[in-house]
Amino acid sequence: MSGKIRTAMVLAAGLGTRMRPLTDAAPKALIPVAGRSLLDRVLDKLAAAGVTRAVVNVHHFADQVEAHLKGRTDLEILISDERAGLLDSGGGIQHARALLGDDPIFVANIDSLWIDGATPVLEALKAAWDPARMDLLLLLVARGNGTGFEGPQGFLMDAEGRLTHSISPDVVTPFANVGFGILKPQILDDQPRAGAFSIYPTWHRLQGEGRLYGTVMDAYWMHVGDPAAREAAETRLGARSG
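Computed from a prediction, not measured in an experiment: that's the story for all the values here.

Trainee: Please clarify how the overall build of the protein should be interpreted in this entry.
Mentor: Check the secondary structure of the protein and you find 7 helices and 14 strands. A compact globule built from 242 residues would reach a C-alpha radius of gyration of about 18 Å, and the protein, at 17 Å, matches this within 12%. Each principal axis of the C-alpha distribution contributes one length, and for the protein these read about 45 × 40 × 35 Å. In the protein, which comprises 242 residues, the proportion classed as buried is 48%. Long-range contacts, defined here as pairs at least 24 residues apart, represent 74% of the contacts in the protein between residues at least 6 apart. On the protein, roughly 10800 Å² of surface is accessible, and the fraction owed to carbon and sulfur atoms is 52%.

Below, the structure written as structure tokens:
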């Protein structure tokens, strides 16, 4: 049984260099898309999925993010401060370890959007989570069912849902990571306690142990990585609401 997941790590500290000039005076997390910031759209999804506590890391225009988050009353918001230096995907989670607790958590990037269907994507993700078999479950999108799936890098998946990560230019992978998942915080216990590091080596370790899994979203994914992608997402979201 998947159980309830009440805590989320929201990765919002990035510089957003590809989103310039929009990020010259504001953090990427607060860039609006169809009238609502990227960060709020992610927090809305998490709250709807039953999350009650969100740990948000901050670096670029950190004061703006903190001030904005004071307006959220539906979630307990905790700040993981990276003003001293960006810590990358693994280091950011490790830095927030004391705030996250020991139970499985959602991990969420702030630049992935989608429009839910009859079954919300995060409900399907929770239903696929099996802590007896998995230490990390990544939310994937099928090639051709989203914007922002660039290059051949991504994942292969076997019949049981186990993943193999590929960065080979000679392998066109069928699935990409959309930047959401469920993980056990303990998977980083073998990594440095401080400093910047990528989560990729942990992916590869879990892959070798047969503990890295994926589930494919039944929705159209929008990676909002640059101003053109933002405009495309606004058009799609606006058409949906109009």
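Continuing now.
Trainee: I would appreciate a short explanation of empty space enclosed by the protein in the present structure.
Mentor: If a probe as big as a water molecule is rolled over the atoms, it shows which places are left empty. The final tally for this structure, using the stated rule, is 1 cavity of 30 Å³ or more. Around the largest cavity, the lining residues are Val121, Ala124, Leu125, Leu139, Thr215, Val216, Met217 and Asp218. Of all the elements in the fold, those that place two or more residues in the lining of the largest cavity are helix H5 (121–128) and strand S13 (212–216). Here the residues of the lining of the largest cavity are counted per class, giving 6 nonpolar, 1 polar and 1 charged.

Trainee: Is there a simple way to explain the pairing of strand S10 (residues 154–157) in this structure?
Mentor: Every other side chain in a regular strand lies on the same face of the sheet, so the side chains alternate between the two faces. Bridge count between S10 and strand S11 (residues 163–166): 4 bridges; the pairing is antiparallel. Residue pairing in the sheet places Leu156 in a bridge with Thr164 of S11. Counted along the chain from S10 to the antiparallel partner S11, the turn is 5 residues long, and its residue Gly161 has a positive phi close to 95°.

Trainee: Would you mind going over the sheet that holds strand S14 (residues 221–223) with me for this structure?
Mentor: What holds strands together in a sheet is hydrogen bonding between their backbones, with the strands either parallel or antiparallel. Read across the open sheet, the 3 strands follow the order S7-S14-S9; overall the sheet is mixed. Looking at which strands have only one partner, the edges of the open sheet turn out to be strand S7 (112–114) and strand S9 (146–147). Of the pairings in the sheet, the one linking S7 to S14 comprises 3 bridges and is antiparallel in character. Within S14, the residue paired with Trp114 across the bridge is Trp221.

Trainee: Would you mind going over helix H6 (residues 200–209) with me for this structure?
Mentor: Three- or four-residue spacings in an α-helix give side chains the same orientation, since the helix completes a turn every 3.6 residues. Buried within H6 are the following residues: Thr202, Trp203 and Leu206. The buried residues of H6 all sit within an arc of 105° when viewed along its axis, so they share a single face. Gly210 sits one or two positions beyond H6 and adopts a positive phi of about 70°.

Trainee: I tried to follow the packing of aromatic side chains on my own but got confused; where do I start?
Mentor: To describe a pair of aromatic rings, one takes the distance between the centres and the angle between the planes. This structure, assessed with the given rule, holds 3 aromatic pairs. Linked through ring pairs, Phe155, Tyr200 and Trp203 together constitute an aromatic cluster. Positioned over the ring face of Tyr220 is Arg236, at 3.7 Å from the centre of the ring.

Trainee: Got a minute to help me understand the nonpolar core in this structure?
Mentor: Ranked by size, the top nonpolar core spans 48 residues in total, and within it Val10, Leu39, Leu46, Phe106, Phe180 and Met217 carry the most contacts. With 5 residues, the single largest contributor to this core is helix H1 (residues 38–48). When residues no more than four places from it in sequence are discounted, the contact partners of Phe180 are Val42, Leu46, Val107, Ala108, Asn109, Ser112, Trp114, Leu122, Leu138 and Leu139. Core analysis: the second largest hydrophobic core is formed by 22 residues, Val55, Leu100, Leu136 and Leu163 among them.

Trainee: Is there a simple way to think about the pairing of strand S1 (residues 7–11) in this case?
Mentor: For S1, the tally of buried residues reaches 5 of 5 residues, placing the bulk of the element in the interior. Burial along S1 is two-sided: the face carrying Thr7, Met9 and Leu11 and the face carrying Ala8 and Val10 are both buried. Summarising the sheet, S1 and strand S4 (residues 53–58) pair through 5 bridges and their orientation is parallel. Looking at S4, one finds that Ala8 is bridged to Ala54. Summarising the sheet, S1 and strand S6 (residues 105–109) pair through 4 bridges and their orientation is parallel. Note that in S6 the partner of Leu11 across the bridge is Asn109.

Definitions and cut-offs
The residue numbering used here restarts from 1 in each chain and proceeds along that chain's sequence as written. The predicted nature of this model means local features are confined to residues of pLDDT at least 70 and side-chain atom pairs, given and counted, to a pLDDT of 80 or more, with totals for whole chains, interfaces and linings taken over all residues. Each side-chain value is worked out from all heavy atoms of the structure, with water and hydrogens disregarded. Secondary structure counts use DSSP, requiring at least four H or I residues in a row for a helix and at least two E residues in a row for a strand, with both numbered from the N terminus. Radius of gyration means the value over C-alpha atoms here, while the globule rule gives 2.2 Å times the residue count to the 0.38 power. For every residue, the accessible area obtained with a 1.4 Å probe (protein chains only) is divided by the maximum for its type, and the residue is called buried under 20%, exposed over 50%, and partly exposed between those limits. In what follows, residue pairs with any heavy atoms lying within 4.5 Å of each other are defined as contacts. Computed with the Shrake-Rupley method and a 1.4 Å probe, the accessible areas treat only the protein chains shown as cover for residues. Cavities and pockets were defined on a 1 Å grid built from protein atoms only: a cavity is a group of points that admits a 1.4 Å probe but offers it no way out, a pocket is an open group of points flanked by protein on both sides within 12 Å along at least five of seven lines, and a lining residue is one with an atom within 4 Å of any such point. Grid points are joined across faces, edges and corners, and a volume is the space filled by probe spheres set on the points. For this scheme, ten residues count as nonpolar: Ala, Val, Leu, Ile, Met, Phe, Trp, Tyr, Cys and Pro. Four count as charged, namely Asp, Glu, Lys and Arg, and the remainder, Gly too, count as polar. Note on pairing: DSSP must find at least two bridges between two strands before they are called paired. Here the arc refers to the set of directions running from the helix axis out to each C-beta atom. Each pair of aromatic rings taken from Phe, Tyr and Trp, with Trp reduced to its six-membered ring, is defined by centres within 6.5 Å and is described as stacked if the planes are under 30 degrees apart, edge-to-face if over 60, and tilted in the remaining cases. For a lysine, the NZ atom is tested; for an arginine, the CZ atom; a charge sits over a ring if that atom is within 6 Å of the ring centre and within 35 degrees of the ring normal. Among the buried residues, those of types Ala, Val, Leu, Ile, Met, Phe, Trp, Tyr and Cys that are joined through side-chain atoms within 4.5 Å form a nonpolar core.

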